[in-house]
Amino acid sequence: MNSISITWNGHSCFTVEKDGFSIVFDPYGPNTVPGLAPLSLTADMILCSHEHGDHGYTDAVTLKHSGTKNPFSITKIDTWHDPEQGALRGPNRIHILESDGLKIAHMGDIGCPLTREQKDLLKHLDAILIPVGGYYTIDAVQAVVDDLAPRVVIPMHYRSDHFGYPVIGRLEEFTGLCRNVVEYDSNTLVLTAETRPQTAVLKLK
């Protein structure tokens with residue numbers, strides 16, 4: 001079955017895997033995100049949206065060098081971490097992965113509006129991984145991406161009673177604005193062409 005496994009490791013860090021090839025997005029460093037344990041991950045590739053310690057700590061990931069073929073085509077979109085063209089927090093990079101008709105995007109710490117051209121690149125997504133906490137990124141209202149119409153929305157970069165920066169918003173501020181919220185008992189979603197439209201809340205182990 002054609003599928004992509006999406007595993008949330010906390011904050012904005014995900015492991016995306018297909019056909020034995022894995023990519024880690026935005027690994028956070030030790031003691032950079034309150035309440036989250038240090039990461040120790042293995043993957044074939046690391047992609048970071050920017051170099052801040054809670055997104056660009058590549059030492060958390062051991063590269064396998066297995067020779068497994070990368071099944072993904074990768075498109076990068078350069079954006080900003082803030083609404084002032086990087087003057088506050090610098091650049092941000094969106095990564096789009098496509099393979100066998102499935103298309104997902106990791107939005108990093110997007111903090112600015114998207115241009116029309118950027119939105120066109122982000123159309124027809126099967127899944128979008130998007131920050132919803134505000135303050136450092138777009139907030140819950142801005143993260144409602146109905147105009148992009150992704151099939152699955154996976155929120156990230158928020159706080160709970162157990163983890164996250166005190167200044168950012170809670171998950172419920174976003175899910176309260178969403179339809180078809182599905183809460184999972186695990187931190188992994190297996191995405192296929194049959195996965196129904198939803199806002200997928202993954203649960204840390």
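The shown structure was predicted, so the numbers you read here are calculated from the model rather than taken from an experiment. (Residues numbered from 1 in each chain as written. Predicted model: local features only at pLDDT ≥ 70, side-chain atom pairs only at ≥ 80, totals over all residues. Heavy atoms only, no water.)

Participant: Would you mind going over the environment of leucine 191 with me for this structure?
Facilitator: Within the fold, leucine 191 resides in strand 13 (residues 188-191). Between the C-alpha atom of leucine 191 and that of aspartate 44, which follows or precedes it by 147 residues, the distance is 20 Å. Leave out the neighbours within four places in its chain, and leucine 191 touches Asn2, Ser3, Ile4, Ile6, Leu102, Ile104, Asp126, Ala127, Arg151 and Val152. (Helix = DSSP H or I, 4+ residues; strand = E, 2+ residues; numbered from the N terminus. Contact = heavy atoms within 4.5 Å.)

Participant: I would appreciate a short explanation of the sheet that holds strand 13 in the present structure.
Facilitator: In a beta sheet, neighbouring strands are held together by backbone hydrogen bonds and run either parallel or antiparallel to one another. A sheet is described by the order of its strands in space; here 5 strands give the open sequence 5-3-2-1-13, paired in mixed fashion. Two strands bound the open sheet, and with one partner strand each, they are strand 5 (45-47) and strand 13. Strand-to-strand, the axes of this sheet are offset by a mean angle of 20°, without reference to chain direction. Note that strand 3 (residues 21-25) and strand 5 share 3 bridges and pair parallel. The residue of strand 5 that forms the bridge with phenylalanine 25 is leucine 47. (Pairing = 2+ DSSP bridges. Axes fitted to C-alpha atoms, helices over the stretch in contact; angles between N-to-C directions.)

Participant: How should the pattern of salt bridges be read in this particular structure?
Facilitator: According to the stated counting rule, one finds 9 salt bridges in the structure shown. Here aspartate 126 makes a salt bridge to arginine 151, at a shortest N to O gap of 2.6 Å. Of this pair, aspartate 126 sits in the loop between helix 1 (116-121) and strand 10 (127-131) while arginine 151 sits in the loop between strand 10 and strand 11 (152-156), placing them 25 residues apart in sequence. Here aspartate 126 matches arginine 151 in class, with each residue buried. Look at the salt bridges and you will find they share partners, linking Lys18, Asp19 and Asp100 into a network. (Salt bridge = Lys/Arg side-chain N within 4 Å of Asp/Glu carboxyl O. Buried < 20%, exposed > 50% of the residue type's maximum accessible area, 1.4 Å probe, protein only.)

Participant: Got a minute to help me understand the nonpolar core in this structure?
Facilitator: Nonpolar side chains tend toward joint burial in soluble globular proteins. Ranked by size, the top nonpolar core spans 59 residues in total, and within it Ile6, Met107, Leu122 and Ile130 carry the most contacts. Once residues lying within four places of it in the same chain are set aside, the contact partners of isoleucine 130 are Met107, Ile138, Ala143, Val145, Val153, Ile154, Pro155 and Met156. (Core = buried A, V, L, I, M, F, W, Y, C linked by side-chain atoms within 4.5 Å.)

Participant: Help me understand the packing of aromatic side chains, please; the structure alone is not making it clear to me.
Facilitator: By convention here, two paired aromatic rings are described through the distance between centres and the angle between planes. Under the defined criterion, the tally for this structure stands at 5 aromatic pairs. Ring plane angle 85° and centroid distance 4.8 Å describe the contact between tyrosine 135 and tyrosine 136, whose orientation is recorded as edge-to-face. The exposure class of tyrosine 135 is exposed, given its relative accessible area of 53%. Residues tyrosine 158 and phenylalanine 163 carry aromatic rings whose centres are separated by 6.0 Å and whose planes lie at 50° to one another, so their mutual orientation is tilted. Exposure remark for phenylalanine 163: the relative accessible area of 13% places this residue in the buried category. Through a chain of ring-to-ring contacts, the aromatic side chains of Trp8, Tyr158 and Phe163 assemble into a single cluster. Taking the ring centre of tyrosine 135 as reference, the NZ or CZ of arginine 89 above it sits at 5.8 Å. (Phe/Tyr/Trp six-rings, centres within 6.5 Å; stacked < 30°, edge-to-face > 60°. Lys NZ or Arg CZ within 6 Å of the ring centre and 35° of its normal.)

Participant: What is the right way to look at the layout of surface pockets in this model?
Facilitator: It is the rolling of a water-molecule-sized probe over the atoms that shows where space remains empty. The calculated volume of the largest pocket comes to roughly 360 Å³. Along the wall of the largest pocket there are 18 residues; nearest its centre are Tyr158, Ser160, Leu171, Glu172 and Val201. The element contributing the most residues to the lining of the largest pocket is helix 2 (residues 171-175), with 3 residues. (1 Å grid on protein atoms, 1.4 Å probe; cavity = no way out; pocket = protein on both sides within 12 Å on 5 of 7 lines; lining within 4 Å. Points joined across faces, edges and corners; volume = space filled by probe spheres on them.)

Participant: Is there a simple way to think about the side chain of glutamine 118 in this case?
Facilitator: Here glutamine 118 is to be found in helix 1. Setting aside residues no more than four positions away along its own chain, glutamine 118 makes contact with Ile77, Asp78, Thr79 and Pro113.

Participant: Even after reading the chapter, I still don't get the sheet that holds strand 14 (residues 198-201), so can you show me in this structure?
Facilitator: What the 7 strands build is an open sheet, ordered 7-8-9-10-11-14-12; its pairing is mixed. Pairing within the sheet leaves two strands with one partner each, and these edge strands are strand 7 (73-80) and strand 12 (181-183). Taken pair by pair, the neighbouring strands of this sheet meet at an average axis angle of 20°, ignoring direction. Strand direction decides the pairing type here: strand 8 (residues 91-99) and strand 9 (residues 102-106), joined by 5 bridges, are antiparallel. Following the sheet pairing, leucine 97 is matched in strand 9 by isoleucine 104.

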